[in-house]
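# Architecture and fold: a report
In case you want the letters, here they are:
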Amino acid sequence: MLTVWGFVVIALSLLCWGGQVFSSFAPAAAARLGLADSEAEVDPVFWADGRGEAQWDAITLWVMVVAGALMTIDHEAWPYFGLVGGGMYLYFAGRGIMTRVIMRTLGHRIGNRQSVAVGLAALAAWGVMAGITIVAAVVSLGGV
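Residues numbered from 1 in each chain as written. Predicted model: local features only at pLDDT ≥ 70, side-chain atom pairs only at ≥ 80, totals over all residues. Heavy atoms only, no water.

## Details of the packing of aromatic side chains
Selection rule: Here a pair means two rings of Phe, Tyr or Trp (six-membered ring of Trp) with centres within 6.5 Å. Their orientation is stacked below 30 degrees between planes, edge-to-face above 60, and tilted elsewhere. Put simply, DSSP marks the helices as runs of H or I at least four residues long and the strands as runs of E at least two long, and each gets a number from the N terminus on. Throughout, exposure labels follow a simple rule: accessible area from a 1.4 Å probe, protein chains only, divided by the maximum for the residue type, with under 20% read as buried, over 50% as exposed, and the rest as partly exposed. Sitting over a ring, as applied to charges here, requires NZ of Lys or CZ of Arg to be within 6 Å of the ring centre and within 35 degrees of the ring normal.
For the coordinates displayed, the defined rule picks out 2 aromatic pairs. Note on Phe-92 and Trp-126: the rings are 5.9 Å apart at their centroids and 50° apart in plane angle, and the pair reads as tilted. Separated by 34 residues along the polypeptide, Phe-92 in helix 5 (residues 78-105) and Trp-126 in helix 6 (residues 113-140) bring together distant segments of the chain. On the accessibility criterion, Phe-92 (8% relative accessible area) is buried. Among the aromatic residues, those joined into a cluster by ring pairs are Tyr-89, Phe-92 and Trp-126. Positioned above the aromatic ring of Trp-47, the side-chain terminus of Arg-51 is 5.0 Å from the ring centre.

## Quick word on the packing of helix 1 (residues 2-25) against helix 3 (residues 44-60)
Put simply, the rule is: Axis lines are fitted to C-alpha atoms, over the contacting stretch for helices. Their N-to-C directions set the angle, which ranges from 0 to 180 degrees. Any angle that is under 35 degrees is reported as roughly parallel, and any over 145 degrees as roughly antiparallel; angles of 65 to 115 degrees are reported as roughly perpendicular and all others as oblique. Two helices that cross are described as forming a left-handed crossing if the nearer one is turned anticlockwise from the farther one by less than a right angle, and a right-handed crossing if clockwise. Note on contacts: a residue pair is in contact if any heavy atoms of the two residues lie within 4.5 Å.
In contact at an axis separation of 8 Å, helix 1 and helix 3 are set at 120° when each is read in the N-to-C sense. Between helix 1 and helix 3, the angle is such that the two are oblique. Here the hand of the crossing between helix 1 and helix 3 comes out left-handed. Counted together, Trp-17, Gln-20, Val-21, Ser-23 and Ser-24 of helix 1 and Arg-51, Glu-53, Ala-54, Gln-55, Asp-57 and Ala-58 of helix 3 form the full contact between these two elements.

## A short note on the nonpolar core
How we decide: Put simply, buried Ala, Val, Leu, Ile, Met, Phe, Trp, Tyr and Cys residues joined by side-chain atoms within 4.5 Å make one nonpolar core.
Cys-16, Met-64, Tyr-89, Phe-92, Trp-126 and Met-129 are the most contacted members of the largest nonpolar core, which has 16 residues in total. Every element with two or more residues in this core is listed here: helix 1, helix 4 (62-72), helix 5 and helix 6. At 5 residues, the largest contribution of residues to this core is made by helix 6. Listed in part, the 6 residues of the second largest apolar core include Phe-46, Met-103, Ile-110 and Leu-120.

## Points about helix 6
The test is simple: Expected helix span is taken as 1.5 Å per residue step, with the number of steps being one fewer than the number of residues. Any N or O atom pair separated by 3.5 Å or less is treated as a polar contact, with the protein-specific requirement of one donor-capable and one acceptor-capable atom, and with residues adjacent in sequence counted only for side-chain atom pairs.
Here helix 6 contains 28 residues, and its C-alpha end-to-end distance of 40 Å stays within 8% of the 40 Å for a straight helix at 1.5 Å per residue. Its buried side turned inward, helix 6 meets helix 1, helix 4 and helix 5. You can read the cap of helix 6 off the contacts: a side-chain oxygen lies 3.1 Å from the backbone nitrogen of Gln-114, and it is on Asn-112. Of the residues trailing helix 6, Gly-142 is marked for its positive phi of about 85°.

## A short note on the environment of Ile-132
Mapped onto the secondary structure, Ile-132 falls in helix 6. Taking the relative accessible area as the measure of exposure, Ile-132 reaches 40% and is therefore partly exposed.

## Some remarks on the side chain of Asp-43
Tracing the chain through its elements places Asp-43 in the loop between helix 2 (27-32) and helix 3. Of the residues examined, Asp-43 reaches a relative accessible area of 17% and is grouped as buried. Side chain to side chain, Asp-43 and His-108 meet in a polar contact 2.9 Å long. Not counting chain neighbours up to four residues away, the residues in contact with Asp-43 comprise His-108 and Arg-109.

Structure below.
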């Protein structure tokens, strides 16, 4: 089961991390592919925040990809990468969801209805992945 979950983690985290890497280097192309917000469709501050987030995530979110890879081979280090990566993705998802909900509630332009829905769904999926991985890592380390 750990091997299967490792492949799920790799797929979901590569989508997130890879998208952020691509967005940090080519934001206009990422927007055309639906990986990022179009500068014309969102408030300037929301767009700038997304650019900064993409650059930081490109540097940091690789940890979960490594956790997934280590899970697939049942390497003893996977729980540590899973805890760190899981914490990062849980924060990433929670912050992303709350920022979008609050900004939308306050009337800020944060994208068209479809892109916001897809973004919220993706963030929720990454948050659930992070939570499951954290629990699995704690259990693996004998914490439960």
